[in-house]
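# Reading the structure
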Amino acid sequence: MEVELNGRLIKLEDGELYWWRHISRCGEMKNPYWVKYKPTIVRDKRGKEYRRVALGRTRKFLVHRIIYYIHNQEWDIWDGSKSNLIDHIDRNTFNNNIE
């Protein structure tokens with residue numbers, strides 16, 4: 001499944017996120033390819049750990065929010081309010097299965 005987010009084409013394959021690399025520092029690449037994201041681990045205020053990736057140089061997203069957005073593109077990923085939270089039903093913050 002593919003989606004464009006923050007100007008970058010992203011795909012979800014076998015539970016992993018990839019981004020489409022098609023531009024180099026010198027311009028368009030001759031052989032574009034998919035690059036696997038290497039998420040970093042971040043802690044929230046309560047000490048829970050989550051995976052996070054950077055989309056571009058300034059915007060960072062939690063991986064579970066990107067995966068949910070890929071499956072539900074009508075959902076507003078930009079809304080960070082408490083009414084727009086994603087619940088990890090099994091309480092495992094690294095389990096990003098959409099179910």
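### So, the overall build of the protein
A tally of regular secondary structure across the protein gives one helix and seven strands. For the protein, the succession of helices and strands along the chain, N to C, is β-β-β-β-β-β-β-α. In terms of principal-axis extent, the alpha carbons of the protein reach across some 45 × 25 × 25 Å. Counting every position in the protein, which comprises 99 residues, the buried fraction comes to 28%. Counting only contacts in the protein whose residues sit at least 6 apart along the sequence, the fraction spanning at least 24 positions is 35%. Working note: accessible area of the protein is about 7400 Å², and carbon and sulfur atoms make up 46% of it. For the protein, the separation between the mean place of its 19 positive charges and that of its 14 negative charges on side chains is 10 Å.

### Notes on the layout of surface pockets
In this approach a probe as big as a water molecule rolls over the atoms, and the regions it shows empty are the leftover space. Computed from the structure, the largest pocket encloses a volume of approximately 780 Å³. In terms of lining, the largest pocket is formed by 25 residues, of which the most central are D44, R46, Y50, L62 and L85. Put simply, the parts of the chain that give the lining of the largest pocket at least two residues each are β5 (40-43), β6 (49-55), β7 (59-62) and α1 (63-71). The leading source of residues in the lining of the largest pocket is β7, at four residues. By residue class, the composition of the lining of the largest pocket is eight nonpolar, five polar and twelve charged. Taken as a whole, the second largest pocket encloses approximately 370 Å³ of empty space. For the second largest pocket, the full set of lining residues is N6, G7, R8, W19, W20, R21, H22, I23, R25, G56 and R57. In terms of residue count, strand β3 (residues 16-24) provides more of the lining of the second largest pocket than any other element does, five residues in total.

### Considering the sheet that holds β7
Spatially, the three strands line up as an open sheet ordered β5-β6-β7, and their pairing is antiparallel. In this open sheet, the two edge strands, each paired with only one partner strand, are β5 and β7. In this sheet, neighbouring strand axes are inclined to one another by 45° on average, regardless of whether the strands run parallel or antiparallel. Note: β5 against β6, four bridges, orientation antiparallel. Residue pairing across strands places I41 opposite R51, the latter belonging to β6.

### Thoughts on the sheet that holds strand β1 (residues 2-5)
Ordered by their spatial adjacency, four strands build an open sheet running β1-β2-β3-β4, and the pairing between neighbours is antiparallel. The open sheet has two edge strands with one neighbour each: β1 and β4 (27-36). The mean inter-strand angle of the sheet, taken between neighbouring strand axes irrespective of direction, is 25°. Looking at chain direction, strand β2 (residues 8-13) and β3 are connected through four bridges and run antiparallel. The partner of E13 across the bridge, within β3, is E16.

Calculation rules
Residues numbered from 1 in each chain as written. Predicted model: local features only at pLDDT ≥ 70, side-chain atom pairs only at ≥ 80, totals over all residues. Heavy atoms only, no water. Helix = DSSP H or I, 4+ residues; strand = E, 2+ residues; numbered from the N terminus. Buried < 20%, exposed > 50% of the residue type's maximum accessible area, 1.4 Å probe, protein only. Contact = heavy atoms within 4.5 Å. Areas by Shrake-Rupley, 256 points an atom, 1.4 Å probe, with all protein chains shown as cover. Lys, Arg positive; Asp, Glu negative; His and termini not counted. Charge placed at Lys NZ, Arg CZ, Asp CG, Glu CD. 1 Å grid on protein atoms, 1.4 Å probe; cavity = no way out; pocket = protein on both sides within 12 Å on 5 of 7 lines; lining within 4 Å. Points joined across faces, edges and corners; volume = space filled by probe spheres on them. Nonpolar A, V, L, I, M, F, W, Y, C, P; charged D, E, K, R; others polar. Pairing = 2+ DSSP bridges. Axes fitted to C-alpha atoms, helices over the stretch in contact; angles between N-to-C directions.

Don't take any of this as a statement about function, it's just geometry.
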